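Okay, here's what each chain looks like letter by letter:
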Amino acid sequence: MAAPAFRAVSGILAVQNGTADGTLTLPTHQTDDILLMHVWRRSLTNTLTTPSGWTLIAGPWDGTAERHYVFGRRAASGSETNPLLDWAATTGDWYALCASYSGAITSGTAWEVVGSTQQGTGSNPSLTGITTLTAESLVVVLIGYGDNNNATFTLTGTDPSAYTEHIAAPATGADGTICISEGARSTAGATGNVAVAGLTVTAGDGWGALVLALKPPSADRRGVITWAELEV
C-alpha cells in the first residue's frame, strides 16, 4: 500500500494591508483528497475565523511579527467551494497557500500526528520532527516566512531524508512566502529534525512552521481480516 501523494498546490493569495477578507482559489483536487492550508498575517492581534467546512489543525500561534494558522479538510467532491478567509481586523498584509493530497485514509481524522507549532528568526532553522504511527504515512511540513527574498527551500531529515518543496511568494509587493513540503516514510517512526536550507531571514522578519503526518489508506484496514487470511 502506497503512501498518500501530492496532487497540486494553489497559487499564493497575497492581500495588501487594509483588506480584511479574501478567498483562496483551491488547487486541483478529487473526492477524498486532503486539503492542507497555511494562512498567516503580519499582525499579532488579528484573528481568523475557521473557514466553513474546514478544521483548525493548529493556531493561532505567533512568530516575531506574524500570526499563523493551519487548516485541513477532506474533499467531498472535485469542486469544493473556495474558502473565504475572514479576519477580524485589517492590520497587516496576509498570505494563504493550499496543497491537495490523494490516497490518504478516507474516514476519520486524516492527520495522525501533529507536531508542536514552531517559530523563530534564525536562518536555515532545524525544525523539531515527529514520530509517525503508521507505515507509508506522508510527512508534511508547512512554513510561512515574512519576506520573499528566497527563491527555494531545501528540506532534509532522517526519514524522510528528503522532501519535495512547493514554495510560493508574490512577484511584487506584499513580501511574504509560504512553503509546503512532503516526504513519505515506508515504516512508522521518528522523522528526526527537519533542516531547512535556503531560508535566509531578513532582519525584522520571522517564520512559523508545523510538521504533521497524513494517514495512508492501510490505516482504514486495521483489524480487518481478509478471505486469504481466513483460508490459511
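In what follows, the structure referred to is the one given above.
A brief report on the enclosed structure follows. All figures in this text were calculated on a predicted structure; none of them were measured in a lab.

1. Examining the sheet that holds strand β14 (residues 154-156)
Pairing within the open sheet is antiparallel, and its three strands lie in the order β11-β18-β14. Pairing within the sheet leaves two strands with one partner each, and these edge strands are β11 (126-127) and β14. Bridge count between β11 and strand β18 (residues 194-197): two bridges; the pairing is antiparallel. Bridge assignment links L127 to a residue of β18, and that residue is V194.

2. Let's talk about the environment of S102
Tracing the backbone shows S102 in strand β8 (residues 94-102). The class of S102 is buried, set by a relative accessible area of 19%. Each C-alpha atom, one on S102 and one on A169, is 24 Å from the other, the two residues being 67 residues apart in sequence. In this structure S102 touches P4, A5, R7 and D33, once residues within four positions along its chain are discounted.

3. Overview of the side chain of S137
Tracing the backbone through its elements, the reader meets S137 in the loop between β12 (131-132) and β13 (138-145). According to the relative accessible area criterion, S137 is buried, its value standing at 0%. Excluding anything up to four places from it in sequence, S137 contacts A3, P4, E112, T132, G183, A184, R185, A213, L214 and P216.

4. Section: the environment of A188
Summarising the element assignment, A188 is placed in the loop between β16 (177-184) and β17 (189-190). Excluding residues within four positions of it along the chain, A188 makes contact with T132, L133, T134 and A135.

5. Considerations on the pairing of β16
Most of β16 is tucked away, with seven of its eight residues classed as buried. Two elements, β13 and β16, share eight bridges in a ladder whose sense is antiparallel. Note that in β16 the partner of G144 across the bridge is I178. Note: strand β15 (residues 164-168) against β16, five bridges, orientation antiparallel. Across the sheet, E165 pairs through a bridge with S181, a residue of β16.

6. Concerning the nonpolar core
Membership of the largest hydrophobic core comes to 24 residues, with the highest contact counts inside it found for L36, Y101, W111, V140, I180, L212 and L214. Mapped onto this core, the elements with two or more residues apiece are β4 (34-41), β5 (55-62), β8, β13, β16 and β19 (207-214). Ranked by residue count, the leading element in this core is β8, at four residues. Not counting residues within four places of it along the chain, the set of residues in contact with I180 comprises L36, L97, C98, A99, Y101, V140, V141, L142, T164, E165 and H166. One finds L155, C179, A209 and V211 within the second-largest nonpolar core, a separate group that totals 19 residues.

The rules behind each value
Residues numbered from 1 in each chain as written. Predicted model: local features only at pLDDT ≥ 70, side-chain atom pairs only at ≥ 80, totals over all residues. Heavy atoms only, no water. Pairing = 2+ DSSP bridges. Helix = DSSP H or I, 4+ residues; strand = E, 2+ residues; numbered from the N terminus. Buried < 20%, exposed > 50% of the residue type's maximum accessible area, 1.4 Å probe, protein only. Contact = heavy atoms within 4.5 Å. Core = buried A, V, L, I, M, F, W, Y, C linked by side-chain atoms within 4.5 Å.

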